[in-house]
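# Examining the three-dimensional arrangement
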Amino acid sequence: MELQIGIDEFSRALYRAQGIVEKKSTMPILASVLLEATNAEGQGRLRVSAFDLEIGVTGTHPAEVLKPGAVALKHKELYEIVRALPEKTAVLRRETNNRVRITSGTAEFNIVGQPAEDYPPFPRAEKVALVPVDGALLLEMIEKTQFAISADETRHNLNGVYFETAQGNIRMVATDGHRLSLIERPTPGNFNLKKGVIVPRKGLLELKRLLDEDHDGPCDLGFTETSGVFQRGDLQMIMRLIDGIFPDYMQVIPKEADRTLTVDRPRLLDTLRRMSILSSDRTTNAVKLELGKDTLKVTSQNPDLGDAKEEIPVTYAGTPLQIGFNARYLMDVLTAVDVPQMDVELCDELSPGVLKPTGQAAGVASRYTAVIMPMRI
């Protein structure tokens, strides 16, 4: 194998693989990427693949291929070498015993590789019906749900985002038992899903990485019962879905509230950041909300440090209420939603709070809802 490739193009390919290659695995080769150089119809291409047996990303990149071939190389060291090379191009040459010589200008590296045949075969996605999706819309849906995914490995059915379709809309839901985040957006196309699927956290974050790189071009998404597939041009990502039953999340969302206040989102977010500094428990970030006519007082206290309070104006005409929340849960929602005002719906000090963008019509397809369980303070 021998080829010449642009450093920027090669770096982009290796960056995509960064979160997938397994650093601590019983199969050492999973810490490597597979490089396959081809020269079909006079067009040189380098395919770079990473696969950890659960998630795989593969993409092809233009290269000047002098001799086709394939080899597996350790990702971490290869990525560091490529980013440090002095010129705009690099030459890769596989030599005896799968050693690979990388040259760029006067710099030369000789690194140990492994046979391409030892790399696990990349899963095929031939039976998946792909549906065109808006990359920016998909990125928005991920950003508005990822923070509510459970980190508790014993509850594996909550270790991802639930994806389902309903009447021409796609809906994504995440919950960790203490909070829930739901977003629904209209989209053309039929995913042919008999029931919803659970997309794992790692797969979702790798998908977000690819969308952060480019979410303007046409994208395709599809599912089988066990796999999810994302495609954009020559780039393809396949992930194994979580095998489990997602809870009936609609039961968690209160149907109607006794009290609703409207608050300036950036103002409340800034207040919560200040008040959580003196929260007594760093893990729960407990704050107390005291609701009165057109005012909201946020307080926190710490026996060792002191206390803090701040009052902000809100639109509210209901009866007074005191309720405790985890400030971080509130801040996660307020950070994810880029709107000027939020509605906060409350019943009593023991019932969950519901946050929605102000002016969002009930039952519309383009909706966002967050539910946060209260705390005893």
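It should be emphasised that the depicted structure is a prediction, and the values quoted were computed from it without experimental measurement.

## Brief notes about the overall build of the chain
- Looking only at helices and strands, one finds six helices and 25 strands in the chain.
- Judged by the C-alpha coordinates and their principal axes, the chain covers about 80 × 50 × 35 Å.
- Within the chain, the proportion of its 377 residues that are buried is 51%.
- Considering only residue pairs separated by 6 or more positions, the chain has 66% of its internal contacts joining residues 24 or more positions apart.
- Surface summary for the chain: the accessible area is close to 18,500 Å², and the carbon and sulfur share equals 49%.
- Positive and negative side-chain charges of the chain, numbering 45 and 52 respectively, have mean locations separated by a distance of 2 Å.

## Remarks on the sheet that holds strand β14 (residues 197–200)
- Pairing is antiparallel across the open sheet formed by eight strands, whose spatial order is β14-β11-β12-β13-β25-β24-β23-β18. With one partner strand each, in any of the chains shown, β14 and β18 (259–264) form the two edges of the open sheet. Strand-to-strand, the axes of this sheet are offset by a mean angle of 20°, without reference to chain direction.
- Where strand β24 (residues 353–357) and strand β25 (residues 367–372) come together, three bridges link them in antiparallel fashion. Opposite Leu355, over in β25, you have Ala370 as the bridge partner.

## Considering the packing of aromatic side chains
- Under the defined criterion, the tally for this structure stands at seven aromatic pairs.
- Plain terms: the ring middles of Phe51 and Phe122 are 5.8 Å apart, the flat faces sit at 55° to each other, and that makes the pair tilted. In this pair, Phe51 sits in strand β3 (residues 43–51) while Phe122 sits in the loop between β9 (107–114) and β10 (131–133), placing the two residues 71 residues apart along the sequence.
- Judged by its relative accessible area of 8%, Phe51 falls in the buried class.
- Ring plane angle 75° and centroid distance 5.4 Å describe the contact between Phe163 and Phe191, whose orientation is recorded as edge-to-face. Of the two residues, Phe163 sits in strand β11 (residues 160–166) while Phe191 sits in the loop between β13 (179–186) and β14, which places them 28 residues apart along the sequence.

## Re the pairing of β24
- Within β24, four of the five residues are buried, which leaves the element mostly enclosed by the surrounding structure.
- What sits between strand β23 (residues 341–346) and β24 in their antiparallel hairpin is a turn of six residues.

## Structural notes on the nonpolar core
- Among the nonpolar cores identified, the biggest contains 105 residues, and Phe10, Leu35, Leu78 and Phe163 are the most heavily contacted of them.
- For this core, the leading source of residues is helix α6 (residues 327–336), giving seven residues.

## Remarks on the side chain of Ser104
- In this fold, Ser104 is placed in strand β8 (residues 99–104).
- The exposure class assigned to Ser104 is buried, which follows from its relative accessible area of 2%.
- Within the structure, the side chain of Ser104 is placed 3.2 Å from the backbone nitrogen of Glu87, a separation counted as a polar contact.
- Apart from residues no more than four positions distant in its own chain, Ser104 is found in contact with Leu85, Pro86, Glu87, Thr89 and Ala90.

## Re unusual backbone geometry
- The backbone of Asn97 shows a phi angle near 60°, a positive value even though the residue is not glycine.
- Following the sequence through the fold, Asn97 ends up in the loop between β7 (89–94) and β8.
- Residue class for Asn97 comes out exposed when judged on its relative accessible area of 67%.
- Even without glycine at this site, Asn98 takes up a positive phi of about 60°.
- Along the polypeptide, Asn98 turns up in the loop between β7 and β8.

## Re the pairing of β11
- By the criterion of burial, β11 is predominantly enclosed, with five of the seven residues buried.
- Here β11 pairs with β14 via four bridges, running antiparallel. From the neighbouring strand, Phe163 faces β14, where its bridge partner is Val197.
- Summarising the sheet, β11 and strand β12 (residues 169–175) pair through five bridges and their orientation is antiparallel. Residue Ala166 lies in a different strand from β12, and its bridge partner there is Asn169.
- In this structure, the hairpin formed by β11 and β12 is closed by a connection of two residues, where Gln167 is found at a positive phi of approximately 50°.

## With respect to the environment of Thr369
- With respect to the secondary-structure elements, Thr369 resides in strand β25.
- In this structure, the C-alpha to C-alpha distance between Thr369 and Pro186, residues 183 residues apart in sequence, is 15 Å.
- Other than its neighbours up to four places away in sequence, Thr369 contacts Leu180, Ser181, Leu182, Ile253, Val354, Leu355, Lys356 and Gln360.

## Comments concerning the environment of Leu204
- Within the element layout of this structure, Leu204 appears in helix α4 (residues 201–213).
- On a C-alpha basis, the gap between Leu204 and Pro120 in space is 22 Å, while along the polypeptide they are 84 residues apart.
- In this structure, Leu204 is in contact with Ile142, Gln146, Ile149, Val161, Met172, Val199 and Met239, ignoring residues within four places of it in sequence.

Rules behind the numbers
- All residue numbers refer to positions counted from 1 along the written sequence of the respective chain.
- In keeping with the predicted nature of the model, local features appear solely for residues at pLDDT of at least 70, side-chain atom pairs appear and are counted solely at 80 or more, and the whole-chain, interface and lining totals rest on all residues.
- In computing side-chain properties, one takes all heavy atoms of the structure into account and sets aside hydrogens as well as water.
- Numbering of helices and strands starts at the N terminus; helices are DSSP runs of H or I of at least 4 residues and strands are runs of E of at least 2.
- For every residue, the accessible area obtained with a 1.4 Å probe (protein chains only) is divided by the maximum for its type, and the residue is called buried under 20%, exposed over 50%, and partly exposed between those limits.
- Contacts are assigned to residue pairs that have any heavy atoms within 4.5 Å of one another.
- Areas reported as accessible are Shrake-Rupley estimates using a 1.4 Å probe. Residue values count occlusion only from the protein chains shown.
- A residue counts as positive if it is Lys or Arg and as negative if it is Asp or Glu; His and the chain ends are not included.
- Note on charges: their place is set at NZ of Lys, CZ of Arg, CG of Asp or CD of Glu.
- DSSP bridges decide pairing: two strands pair if at least two such bridges lie between them.
- To obtain an axis, a line is fitted to C-alpha atoms, over the contacting stretch when the element is a helix, and the angle between two such axes runs from 0 to 180 degrees between their N-to-C directions.
- Any pair of Phe, Tyr and Trp rings, taking the six-membered ring for Trp, is counted once the centres come within 6.5 Å. Such a pair is stacked with planes under 30 degrees apart, edge-to-face with planes over 60 apart, and tilted for the rest.
- Only buried residues count toward a nonpolar core, which is a set of Ala, Val, Leu, Ile, Met, Phe, Trp, Tyr and Cys residues joined through side-chain atoms within 4.5 Å.
- Under this definition, polar contacts are N or O atom pairs within 3.5 Å; protein pairs additionally need one hydrogen-donor-capable and one acceptor-capable atom, and for neighbouring residues in sequence, both atoms have to be side-chain atoms.

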